[in-house]
Amino acid sequence: MKRSTAPEASASLLRSRDDLGQPDTYLVHPDSDEEPYKVNGVTVIGLGQLVEMLNGR
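This report concerns the structure included in the present document. Quick caveat, the model's predicted, so the values are computed rather than measured.

### Focus: the environment of threonine 25
Checked against the element boundaries, threonine 25 lands in strand β1 (residues 25–29). Leave out the neighbours within four places in its chain, and threonine 25 touches Leu13, Arg17, Gly41, Val42 and Thr43.

### Overview of the pairing of β1
Burial runs high along β1: four of the five residues are buried. The pairing of β1 with strand β3 (residues 42–46) spans five bridges and is classified as parallel. Paired with valine 28 across the strands is isoleucine 45, a residue of β3.

### Topic: the sheet that holds β1
The sheet built from three strands is open, its strands ordered β1-β3-β2 with mixed pairing. Each having just a single partner strand, β1 and β2 (37–39) make up the two edges of the open sheet. Averaged over all pairs of adjacent strands, the angle between strand axes in this sheet comes to 35 degrees, irrespective of strand direction. Relative to β3, β2 runs antiparallel, the two being bridged by three bridges. Paired with tyrosine 37 across the strands is valine 44, a residue of β3.

### Overview of the side chain of threonine 43
Here threonine 43 is to be found in strand β3. When its relative accessible area of 12% is taken as the criterion, threonine 43 is described as buried. A distance of 3.4 Å separates polar atoms of two side chains, one belonging to threonine 43 and the other to lysine 38. Non-local contacts of threonine 43, meaning those with residues more than four positions away in its chain, are made with Thr25, Tyr26, Leu27, Pro36, Tyr37 and Lys38.

### Regarding a nonpolar patch on the surface
On the surface, a nonpolar cluster with roughly 300 Å² of combined accessible area is contributed by Tyr26, Met53 and Leu54. When you line up the elements, leucine 54 lands in helix α2 (residues 47–54).

Cut-off values and rules
- Every chain's residues receive numbers from 1 upward, in the order its sequence appears when written.
- Reporting in this predicted model follows two pLDDT cut-offs: at least 70 for local features of residues, and 80 or more for side-chain atom pairs to be given and counted; totals over whole chains, interfaces and linings ignore these cut-offs and use all residues.
- Here the side-chain values reflect all heavy atoms present in the structure, with hydrogen atoms and water set aside.
- Comment: elements are numbered from the N terminus, with helices defined as DSSP H or I runs of at least four residues and strands as E runs of at least two.
- Any two residues whose heavy atoms approach within 4.5 Å at even a single point are treated as in contact.
- Residue burial is assigned from relative accessible area. The probe radius is 1.4 Å, only protein chains are included, and a residue is buried under 20% of its type maximum, exposed over 50%, and partly exposed in between.
- Should DSSP find at least two bridges between two strands, the strands are taken to pair.
- To define axes, lines are fitted to C-alpha atoms, for helices over the stretch in contact only, and angles between the resulting N-to-C directions are given on a 0 to 180 degree scale.
- Polar contacts, as counted here, are pairs of nitrogen or oxygen atoms within 3.5 Å of one another; within protein the pair requires one atom able to donate a hydrogen and one able to accept it, and residues that are adjacent in sequence qualify only if both atoms are side-chain atoms.
- Patch membership requires over 30% relative accessible area and the absence of a salt bridge. Like charges are linked within 9 Å, and nonpolar side chains (Val, Leu, Ile, Met, Phe, Trp, Tyr) within 5 Å.
- With residues, only the protein chains shown are counted as cover, and all accessible areas are computed by Shrake-Rupley using a 1.4 Å probe.
- Whenever a carboxyl oxygen of Asp or Glu lies within 4 Å of a side-chain nitrogen of Lys or Arg, that contact is scored as a salt bridge.

None of the figures reported here should be taken as evidence of function without further support.
What follows is the structure in C-alpha cells.
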C-alpha cells in the first residue's frame, strides 16, 4: 500500500512483482472517485474500491 494522492509504480514494486511472479499487482491509494487504471501492468486502485472488489461487489 502507498499513501499518496499521486501514486506511482516504483522500480522496486515492479521488481518485486517480477521476482514473485505475480501477474495481478495492485497499488492501493486513499479513496477517490477515480476509476482504477493500469500503469506498467500494475492496477492503481482506491482502498474502498479494492475492498469492494475482493468482497465480490
